[in-house]
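If you want the building blocks of each chain, they are given just below.
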Amino acid sequence: MSGNVSISQEGNGKVSRVIRMGTRKSQLARIQTDSVASRLKELYPDVHLEIVAMSTIGDKILDTALSKIGEKSLFTKELENALERNEVDIVVHSLKDLPTSLPSGFTIGAILQRENPHDAVVLHPKNAGLTLDSLPEKSVIGTSSLRRAAQLKKRFPQLEFENIRGNLNTRLKKLDEKDDYAAIILAAAGLKRMGWENRISQILSPEDCMYAVGQGALAVEVRAQDRDILEMVSVLHHPDTVLRCISERAFLKQLEGGCSVPVAVHTEVKGSMLYLTGAVYSLDGADCLKDTMQMCVEIDNEVSESAQECVHVAVTANNISSSALDAAEKLGMDLANVLLNKGAKDILTTARKLNDAR
């Protein structure tokens, strides 16, 4: 047992271990953390879980587009600082908020079964019953994501796209209470977790809009040295989701993409085959490079037994076949290289410059 774990003496003389879970303060972050807490509670009834909520830079700067504030750790930095200072033992994130490389000493110890990873259209009440295809021309669609805007501008050229920031509650409020937006685009997973599925008017298919790397999956970040905590959370890993997300993260990492460039993916596991479609876009969606590759990721039982465990794009999954993890990572890198050979670098560099100049 690590020396930094707190122990609480219960009335019955039993000693129970206290695990402190860090979370952002937003309602969705709390719901996500609570869902992981309840899974851990089922698996380890003797463990005492304490939830520590904190605000992050991304939560505080609400008037600027995410892609303008800079890099990936907007929603994670403060939580990682608390992890580093031993103020919390594990942190629950949306996987899509976690960069493909984590600061030294941290790792993703669990990726839970993915919720629907697709994007959803939420209409202004006055547009009930319509779709993006049937909305009046020049209708304004709110989205804070360059990835969504690039794909949707190309697919629905008759619509206008404008930035909208804030957490889910704020965005829905902006949509419903003002007349600025005809609809907004949000991740289906967040709406579902919040219990707002009834607001989803349309789920966007991969033909309309592919999703972000890791979208819909929850990740548990831990200190890499905390062997026992790493082992404890590893039972939460969902093998198919882990393989899909490792291929997606490897694709993004090889492209050197981040929040400030439009990169989108779609993955599927069919039998022992993992299929990855990946794309990069110019900001207006006019330029697009897209391809699909597949790889066999047969899950044999050759689990990483070595003391020197394997980490794949910041994910530690010692309880999943290392050859399957290697294959998933290679798939992502190979697909990125195919797009890079076709000129993806230029598209991404231009997108980054244009976005910075805005």
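See the structure printed just above.
Now for a quick tour of the structure. Remember, predicted model here, so these are calculated numbers, not experimental data. Chains are numbered independently. Their residues run from 1 in the order of the written sequence. Where local features are concerned, this predicted model is filtered to residues with pLDDT of at least 70; where side-chain atom pairs are given and counted, the filter is 80 or more; whole-chain, interface and lining totals use all residues. Side-chain measures were taken over the full set of non-hydrogen atoms in the model, leaving aside hydrogen atoms and water.

Description of the pattern of salt bridges
Within this document, salt bridges are pairs made up of a side-chain nitrogen of Lys or Arg and a carboxyl oxygen of Asp or Glu, the two lying within 4 Å of each other. For the coordinates displayed, the defined rule picks out 19 salt bridges. A salt bridge links Arg 114 to Glu 248, with the shortest nitrogen-to-oxygen separation between them at 2.9 Å. With Arg 114 in the loop between strand 5 (106-111) and strand 6 (119-123) and Glu 248 in helix 9 (residues 239-255), this residue pair connects regions lying 134 residues apart in the sequence. The two residues Arg 114 and Glu 248 agree in class, both being buried. Asp 179 is the salt-bridge partner of Lys 126, the closest N and O atoms lying 3.3 Å from each other. Taken together, the residues span a long stretch of sequence, with Lys 126 in the loop between strand 6 and strand 7 (140-142) and Asp 179 in the loop between helix 6 (168-177) and strand 9 (183-187) at a distance of 53 residues. With a relative accessible area of 53%, Lys 126 lands in the exposed category. A single network of salt bridges, built from pairs that share partners, joins Arg 20, Asp 89, Arg 223 and Asp 226. In this text, helices come from DSSP runs of H or I with a minimum length of four residues, and strands from runs of E with a minimum of two, each type numbered from the N-terminal end. Buried means the residue's accessible area, taken with a 1.4 Å probe over protein chains only, is under 20% of the maximum for its type, while exposed means over 50%, and partly exposed covers the values in between.

Quick look at helix 11 (residues 344-357)
Expected span of a helix, by definition, is 1.5 Å for each gap between consecutive residues, and there is one gap fewer than residues. A rise of 1.5 Å per residue sets the reference length of helix 11, with its 14 residues, at 20 Å; its end C-alpha atoms lie 20 Å apart and thus fit the reference within 8%. Taken together, the buried positions of helix 11 are Ala 344, Ile 347, Leu 348, Ala 351 and Asn 355. Viewed along the axis of helix 11, the buried residues span an arc of 95°, placing them on a single side of the element. Those residues of helix 11 that are exposed and aimed more than 90 degrees away from the buried face are Asp 346, Lys 353, Asp 356 and Ala 357. In this description, one arc is meant: the one made by directions from the helix axis to the C-beta atoms.

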